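Residue-level listing of the chains:
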Amino acid sequence: MGDASGELDVFDAGRCAGGYALGLAVGRRFAGAIRSRMQQDVVLREQLLPFASTAAARPLLAALQAANSERYPHYWDELLGTADGSGVPLLHVILVNFRKEIQPFIPKAGGDHGREEEEGEPDGDCSDVLIISDTTAIAAHNEDGNVALLGHTYLVRATLPDGLSFTAYTYAGELPSCAFGFNSNGVAFTLDSVPPVNDEIVAGAIARNFVSRDLLEAKNLEDAMHRICSPSVSVGHNYNLMDVRSRRIVNVETASGNRFAVHEAGAAPFFHANMYRHLQVKQVQDENSMSREKRAAQCSVDSKETALSLLGDTVDDKYPIYMTGPTLHTLCTVLVDLDEKTMTIYRGNPKNGDITLVLPML
C-alpha cells in the first residue's frame, strides 16, 4: 500500500477492454488496501453503512445509482469490477464513492440533516497554488485527507480501448481520481473540496467522483471544462485544470444547478483552499481554509521552489498549510510543470524536496 512510509504503489493496468476489466484489475491488485480502507474508514462504518440500512436511504441511493450509471455506464462498470476484484461488498464501494453526496442527508442528533457548521471534514482539505508567467507555468497541490487514508492510496495507470492513457492518484476503493491525475492528451487536474450549506445540495444527482473520472478522458482544456460544467451535480467542487499543449491553467468552481465560475491563472500566484472564491454560493465558513488563505497571502510565490515552500508552511500551529494530524494529514504534494511537461510527486514536507516520482506527461 505504501504511502504510510512515504512510498507510493504504482500499478499499470495496461490496455483494458472496458470499464469492468479496469476495475477488476485494480480491485485484484489492491484488494488488501481496499479491504483495509473499508475496515478502518470511520465515516463508512459509523455514518454511511448505518444510514444505508434505513428506509430514508433507499430512494437516495437508488437515485444516485440511476443518475450516475445512466450518464457514465463505463465508470459504473469500473465500480462493479473494483468490488468483484477486491472481494469487498459492492455497497461499501458505492458508499465511499458517493460519500459527499450522501453525508448531507444523514440525520444528525436532534433530527437535523447534514452539517450547517463545520465539524472537521474527514477527507477533503487541500491547497493549491497556480502560476502562469513568461518564465513559470506550474500548479502545486497538497493532497490532504483523513489520517486513516495513509497507506490507502495508490497510483493507477491504464490505457483505454481507444488508446488514450491516464495516470491517477487514487483512494482505495474509489474511482480514479478524487485527487489528481493526467492523461496522454496533456490534460491534468487537481481537486479541492468546497463546503456548500445543505440547501445548496441536490439529492440524487451526478456525483463528483464520476465527474473527475470523466476528466481523465478530456481531449483538451475546453473539453475538460465541458465535462465538469455540463453535468447536473449534487454537490459543488473546485477544479484546477491544466493543458500542457496550450500552456494554460484555469480554476473552475462548480455548484448544483449547473453553476460555475472560471478564473484563468496568470503571473500573480493564485491560491485556493477549501472555500469558494469566485462563485457566489452559500457556504460553510471554514476557519481552516480561511487561515490557510490568509497565510498564503503573506508569502511571495514566483517559482517552483517558493510554491513548494508555501505548501510546506507550518507557521500556523492550529491550521498549517502542510498538515501532520491529528485528524488531517498531507498525504503527498504534487507539482505539475507545464514547460517541463512533468508531474512530480513529493513525500513528506515538500520544502525538503524529497521526490517520490517524476512522471512525464507527454
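About the criteria used
- Residues numbered from 1 in each chain as written.
- Predicted model: local features only at pLDDT ≥ 70, side-chain atom pairs only at ≥ 80, totals over all residues.
- Heavy atoms only, no water.
- Pairing = 2+ DSSP bridges.
- Helix = DSSP H or I, 4+ residues; strand = E, 2+ residues; numbered from the N terminus.
- Axes fitted to C-alpha atoms, helices over the stretch in contact; angles between N-to-C directions.
- Contact = heavy atoms within 4.5 Å.
- Buried < 20%, exposed > 50% of the residue type's maximum accessible area, 1.4 Å probe, protein only.
- UniProt positions renumbered as here; feature names shortened; annotations may be inferred.
- Phe/Tyr/Trp six-rings, centres within 6.5 Å; stacked < 30°, edge-to-face > 60°.
- pLDDT = per-residue confidence, 0-100.
- Parallel < 35°, antiparallel > 145°, perpendicular 65-115°, else oblique.
- Left-handed = near helix turned anticlockwise from the far one by under 90°.
- Nonpolar A, V, L, I, M, F, W, Y, C, P; charged D, E, K, R; others polar.

### A look at the sheet that holds strand β1 (residues 10-15)
The mixed open sheet is built from eight strands, whose spatial order is β1-β4-β5-β6-β7-β8-β9-β10. At either margin of the open sheet sits one strand with a lone partner, and together these are β1 and β10 (259-264). In this sheet, neighbouring strand axes are inclined to one another by 20° on average, regardless of whether the strands run parallel or antiparallel. Lying over the sheet, helix α8 (residues 208-215) contacts β5 (165-171), β6 (180-183), β7 (187-192) and β8 (237-243), oriented at roughly 5° with respect to β8.

### Here we look at the environment of Ala255
With respect to the helices, strands and loops of the structure, Ala255 is situated in strand β9 (residues 248-255). Overall, the relative accessible area of 3% leaves Ala255 in the buried class. Residues Ala255 and Val194, 61 residues apart in the sequence, show an inter-C-alpha distance of 9.3 Å. With residues near it in sequence (within four places) discarded, Ala255 still touches Val233, Gly236, Tyr276, Leu279 and Val281.

### Details of the UniProt feature "domain: Peptidase C45 hydrolase" (unreviewed entry) in the protein chain
If you check UniProt for "domain: Peptidase C45 hydrolase" (unreviewed entry), the listed places come out as residues 136-352 in our numbering. Helix makes up 17% of residues 136-352 and strand 34%, with an end-to-end C-alpha separation of 20 Å.

### Some thoughts on the packing of aromatic side chains
With the rule as written, the count across this model stands at eight aromatic pairs. Each ring, one from Trp76 and one from Phe98, has its centre 6.3 Å from the other, and the planes form 25°; the classification is stacked. Placement of Trp76 in helix α5 (residues 73-86) and of Phe98 in the loop between α6 (90-97) and α7 (99-102) is noted, with a sequence separation of 22 residues between them. What makes Trp76 buried here is its relative accessible area of 7%.

### Section: the confidence of the model for the protein chain
Of all residues in the protein chain, 94% attain a pLDDT of 70 or more, and the chain-wide mean is 94. Across residues 1-5, confidence stays below pLDDT 50; counting only partners more than four residues off in sequence or on other chains, it has 17 contacts. Overall, residues 114-123 carries pLDDT values under 50, and its contacts beyond four positions in sequence, including any with other chains, amount to 27 contacts.

### Quick word on the packing of helix α3 (residues 42-52) against α6
Running from N to C, α3 and α6 cross one another at 110°; their axes reach a closest spacing of 11 Å. As summarised for this structure, α3 and α6 are arranged roughly perpendicular, according to the angle between their axes. The hand of the α3/α6 crossing is right-handed. From α3, Leu44, Arg45, Leu48, Leu49 and Ala52 reach across to α6, where they touch Leu91, His92, Leu95 and Val96. Residues that form the contact of α3 with α6 fall into these classes: seven nonpolar, one polar and one charged.

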